[in-house]
Amino acid sequence: MTRGAQYQEGHRLGHGLTPTENRRQDDADECAALGVWRTGDHELALRMLTAGDRAHPTESADGAGAQILTVRDGRLA
């Protein structure tokens, strides 16, 4: 799931605003992970994102949704 899709899902789950534009990533680590993803090595790309605290893998979609809302609520507090 791309970062934009993550934000969109967070907004959907939290009944927030829906993003209307797609901005290009300029973070070097995220660009590197995206480059690896495009080679087909999705596992390595996800490990790169996780190591940089940019992805938070869970065992289920419900767990992922809960993490999205937890992060969102922490940022709004």
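The sections below set out a description of the structure shown in this document. Quick caveat: nothing in here was measured; it's all calculated off a predicted structure. Residue positions are given per chain, counting from 1 as you read along its sequence in written order. Residues qualify for local features only when their pLDDT is at least 70, as the model is predicted, and side-chain atom pairs are given and counted only at 80 or more; totals for whole chains, interfaces and linings, by contrast, use all residues. Note: side-chain values were computed over all heavy atoms of the structure, leaving out hydrogens and water.

Attention now moves to the overall build of the protein chain. Under the scheme used here, helices are H or I runs from DSSP no shorter than 4 residues and strands are E runs no shorter than 2 residues, and both carry numbers assigned from the N terminus. From N to C terminus, the protein chain includes four helices and zero strands. Each helix and strand of the protein chain, placed in order from N terminus to C terminus, yields the pattern α-α-α-α. Out of the 77 residues in the protein chain, the part that is buried amounts to 10%. Whether two residues are in contact is decided by their heavy atoms, any of which lying within 4.5 Å being enough. When contacts within the protein chain are restricted to residue pairs at least 6 apart in sequence, long-range pairs at least 24 apart make up 41% of them. Partly exposed describes any residue whose relative accessible area lies between the buried limit of under 20% and the exposed limit of over 50%, with all areas from a 1.4 Å probe on protein chains only and scaled to the type maximum.

Below, the discussion takes up helix α2 (residues 28-38). Taken together, the buried positions of α2 are occupied by Glu30, Ala33 and Val36. Each buried residue of α2 sits inside an arc of 120° when the element is viewed along its axis, so together they form one side. Seen from the buried face of α2, the exposed residues on the opposite side, beyond 90 degrees, are Ala28 and Arg38. Any N or O atom pair separated by 3.5 Å or less is treated as a polar contact, with the protein-specific requirement of one donor-capable and one acceptor-capable atom, and with residues adjacent in sequence counted only for side-chain atom pairs. The residue sitting at the N-terminus of α2 and contributing the capping side-chain oxygen is Asp27; that oxygen lies 3.0 Å from the backbone nitrogen of Asp29. One or two positions beyond α2, positive phi appears at Gly40, with a value near 100°. Arc definition: directions from the helix axis to the C-beta atoms.

The next point concerns a nonpolar patch on the surface. A cluster of nonpolar side chains, contributed by Leu34, Trp37 and Leu46, occupies part of the molecular surface with about 250 Å² of accessible area. Residue classification places Trp37 among the partly exposed residues on the basis of a relative accessible area of 33%. To count toward a patch, a residue needs a relative accessible area above 30% and no salt bridge. Like charges then connect within 9 Å, nonpolar side chains (Val, Leu, Ile, Met, Phe, Trp, Tyr) within 5 Å. The method behind every accessible area is Shrake-Rupley, applied with a 1.4 Å probe, and residues are considered shielded solely by the protein chains displayed. When a carboxyl oxygen of Asp or Glu lies within 4 Å of a side-chain nitrogen of Lys or Arg, that pair is called a salt bridge.

Here we come to the packing of α2 against helix α3 (residues 42-51). Interaxial angle, 0 to 180 degrees, is taken between N-to-C directions of lines fitted to C-alpha atoms, where a helix line uses only the stretch in contact. Packing of α2 against α3 brings their axes to within 8 Å, and their N-to-C directions diverge by 165°. Between α2 and α3, the angle falls in the class roughly antiparallel. By crossing handedness, the relation of α2 to α3 is classed as left-handed. Taken together, the residues of α3 that come into contact with α2 (itself represented by Glu30, Ala32, Ala33, Val36 and Trp37) are His42, Leu44, Ala45, Leu46, Met48 and Leu49. Classes in brief: Ala, Val, Leu, Ile, Met, Phe, Trp, Tyr, Cys and Pro nonpolar; Asp, Glu, Lys and Arg charged; the others, Gly included, polar. Partitioned by chemical class, the residues of the contact of α2 with α3 number nine nonpolar, one polar and one charged. Geometric relationships in this document are graded by angle, where less than 35 degrees denotes roughly parallel, more than 145 denotes roughly antiparallel, 65 to 115 denotes roughly perpendicular, and other angles denote oblique. Crossings are assigned a handedness: left-handed for a near helix turned anticlockwise from the far helix by less than a right angle, right-handed for a clockwise turn.

What follows is about the environment of Leu13. Positionally, Leu13 belongs in helix α1 (residues 3-13). The exposure class assigned to Leu13 is partly exposed, which follows from its relative accessible area of 27%. Once the C-alpha coordinates of Leu13 and Leu69 are considered, the two residues, 56 residues apart in sequence, prove to be 7.5 Å apart. Beyond its immediate chain neighbours, meaning those up to four positions away, Leu13 contacts Gly65, Ile68 and Leu69.

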